[in-house]
Amino acid sequence: MATLARLQARSTFLAHQYYFRNSAVDVFRKKEYDAAVKIQSWFRGCRIRAYLRYLHRVATVIQKCWRGYLGRQHYQLIVKLEFCTMKMNLYNAMAVRIQKRWRGYRIRKYCFNYFYLKEYLKAVSETNDAIREALEEFAEMKEREEKKADLEREEKKRDYQARKMHYLLSTKQIPGIYNSPFRKDPDPWELRLQKAKPLISQRPKVKQKRGVNISNRLACTSARSLPQSEILPPIDRKQCQGPFRDITEVLEQRYKPLEPTLWMAEPINELKMAREELRKQEWMRNINDNMISKLYYHHLISSQSMENYIQKLDKLYKESKRRQKVKRRLKCEVSVE
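Residues numbered from 1 in each chain as written. Predicted model: local features only at pLDDT ≥ 70, side-chain atom pairs only at ≥ 80, totals over all residues. Heavy atoms only, no water.

- If you look the chain up in an unreviewed UniProt entry, it shows as Spermatogenesis associated 17 from Felis catus.
- One UniProt comment on the chain, placed under Subcellular location (unreviewed entry), says "Cytoplasm". (UniProt positions renumbered as here; feature names shortened; annotations may be inferred.)

Okay, here's the thing in structure tokens:
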């Protein structure tokens, strides 16, 4: 009972206390709710992120295995291609080596004889050396001759100058300019003037006029019976006014040389002559083919002989064209007749 009495006495205090606590809880309830929501969201986020990390690890493992498989397949394909390429390169190198050996053997045996070429080149080098020595000797000889001719021309020029200046020679009464008394020794030109002969100017010979008899002049029996007058100087003609051509052009056109046509320039029997010439050339070629030597044959396969052969083919082609033209012209003549 005492307890109940105490509780009844404290009932008002407990009511106030209950109200106060409930009011305090209502004040902090939203803050606590927000804190609980934040804690729950953080925990759930950590759990989801952990699950996503797990999924990422699993996906990475799957992608790694698949990409490794594709890479190994691609690498095997590249290895196969490289192996095929290496084999083809090896086979090509072996084929080239075999072809090189075979072609070298064939050229050395059938087309190109090294020993004959060596002898030929040796002969050519010896001939070139001999020609070069001869040309050097000839050049030295020409140089000596030119020097000798220059010296002779100089000597002749000095002699002619000395003959022209012979009047400067010193005498007993008057010393010359080249033998001055102020010199110890005379000048070399003084000795040259002493040896030279004086140059005498020759006067042109006057032709004596033949006397003409007066009776012959009167009778006019000779072409020179009448007095001959000197040739008059040419008169400077002025160019004619108007659309006239120049005199020199007209004279060149009038007196130009004869230019015969193709009909007159070529002989009548040209076709026959061409056939004979072709027959002679064929006969000469057959003889040369039978009598040709190995050294000459190797010389023919050189570049110069090939150029000569091309020039011969060009000449034969032009000759055939000309023969065709002559044939057509002969046909036209026959048809006209």
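## Observations concerning the pattern of salt bridges
At step 1: This structure, assessed with the given rule, holds 6 salt bridges.
At step 2: The closest approach of N and O atoms between Arg-153 and Asp-150, which form a salt bridge, is 2.1 Å. In this pair, Arg-153 and Asp-150 both sit in helix H3 (residues 114–164), 3 residues apart, roughly one turn of the helix.
At step 3: Classification of Asp-150 by relative accessible area gives partly exposed; the value is 36%.
At step 4: Across the pair Arg-158 and Glu-155 runs a salt bridge whose closest N-O atoms are separated by 3.8 Å. In this pair, Arg-158 and Glu-155 are both assigned in helix H3, 3 residues apart and thus about one turn of the helix distant.
At step 5: Note on Glu-155: relative accessible area 34%, which makes it partly exposed. (Salt bridge = Lys/Arg side-chain N within 4 Å of Asp/Glu carboxyl O. Helix = DSSP H or I, 4+ residues; strand = E, 2+ residues; numbered from the N terminus. Buried < 20%, exposed > 50% of the residue type's maximum accessible area, 1.4 Å probe, protein only.)

## Re the confidence of the model for the chain
Any region with low pLDDT has predicted coordinates that should not be read closely.
At step 1: On average, residues of the chain score 77 in pLDDT, and 73% of them are at 70 or above.
At step 2: Predicted confidence is poor over residues 223–227, with pLDDT under 50, and the contacts of this stretch with residues over four places away or in other chains come to 6 contacts.
At step 3: Within the model, the stretch residues 287–303 combines pLDDT values under 50 with 15 contacts to residues more than four positions away or in other chains. (pLDDT = per-residue confidence, 0-100. Contact = heavy atoms within 4.5 Å.)

## Here we look at the packing of aromatic side chains
Each aromatic ring pair is characterised by the separation of its centres together with the angle its planes make.
At step 1: With the rule as written, the count across this model stands at 2 aromatic pairs.
At step 2: Summarising the aromatic geometry, the rings of Trp-102 and Tyr-105 are spaced 5.8 Å apart at their centres and angled 40 degrees between planes, so their arrangement reads as tilted. Within this pair, Trp-102 and its partner Tyr-105 are both found in helix H2 (residues 11–111), separated by 3 residues, close to a single helical turn.
At step 3: Residue classification places Tyr-105 among the partly exposed positions, given a relative accessible area of 38%.
At step 4: One cation-aromatic arrangement involves Arg-192 over Trp-189; the distance from NZ or CZ to the ring centre is 5.8 Å. (Phe/Tyr/Trp six-rings, centres within 6.5 Å; stacked < 30°, edge-to-face > 60°. Lys NZ or Arg CZ within 6 Å of the ring centre and 35° of its normal.)

## Focus on a nonpolar patch on the surface
At step 1: Taken together, the side chains of Ile-48, Tyr-51, Leu-52, Tyr-54, Leu-55, Val-58 and Ile-62 define a hydrophobic patch exposed on the protein surface, amounting to about 660 Å² of accessible area.
At step 2: Inspection of the secondary structure puts Leu-55 in helix H2. (Patch = residues over 30% accessible without salt bridge, like charges linked within 9 Å, V, L, I, M, F, W, Y side chains within 5 Å. Areas by Shrake-Rupley, 256 points an atom, 1.4 Å probe, with all protein chains shown as cover.)

## Focus: a negative patch on the surface
At step 1: Taken together, the side chains of Glu-133, Glu-136, Glu-137 and Glu-140 make up a negatively charged region of the molecular surface.
At step 2: Here Glu-137 lies in helix H3.
At step 3: Owing to a relative accessible area of 54%, Glu-137 belongs among the exposed residues under this scheme. (Lys, Arg positive; Asp, Glu negative; His and termini not counted. Charge placed at Lys NZ, Arg CZ, Asp CG, Glu CD.)

## Brief notes about the environment of Met-165
At step 1: Summarising the element assignment, Met-165 is placed in the loop between H3 and helix H4 (188–195).
At step 2: Along the primary structure Met-165 and Pro-198 are separated by 33 residues, whereas in three dimensions their C-alpha atoms are 7.9 Å apart.
At step 3: Excluding anything up to four places from it in sequence, Met-165 contacts Tyr-178, Trp-189 and Leu-193.

## So, the packing of H3 against H4
Each pair of packed helices can be described by the angle between their axes along with the distance between the axes.
At step 1: Packing of H3 against H4 brings their axes to within 9 Å, and their N-to-C directions diverge by 75 degrees. Overall, the two elements H3 and H4 adopt an arrangement that is roughly perpendicular. Here Glu-155, Arg-158, Asp-159, Gln-161 and Ala-162 of H3 lie close against H4, whose contacting residues are Trp-189, Arg-192 and Leu-193.
At step 2: Within the contact of H3 with H4, the residues separate by chemical class into 3 nonpolar, 1 polar and 4 charged. (Axes fitted to C-alpha atoms, helices over the stretch in contact; angles between N-to-C directions. Parallel < 35°, antiparallel > 145°, perpendicular 65-115°, else oblique. Nonpolar A, V, L, I, M, F, W, Y, C, P; charged D, E, K, R; others polar.)

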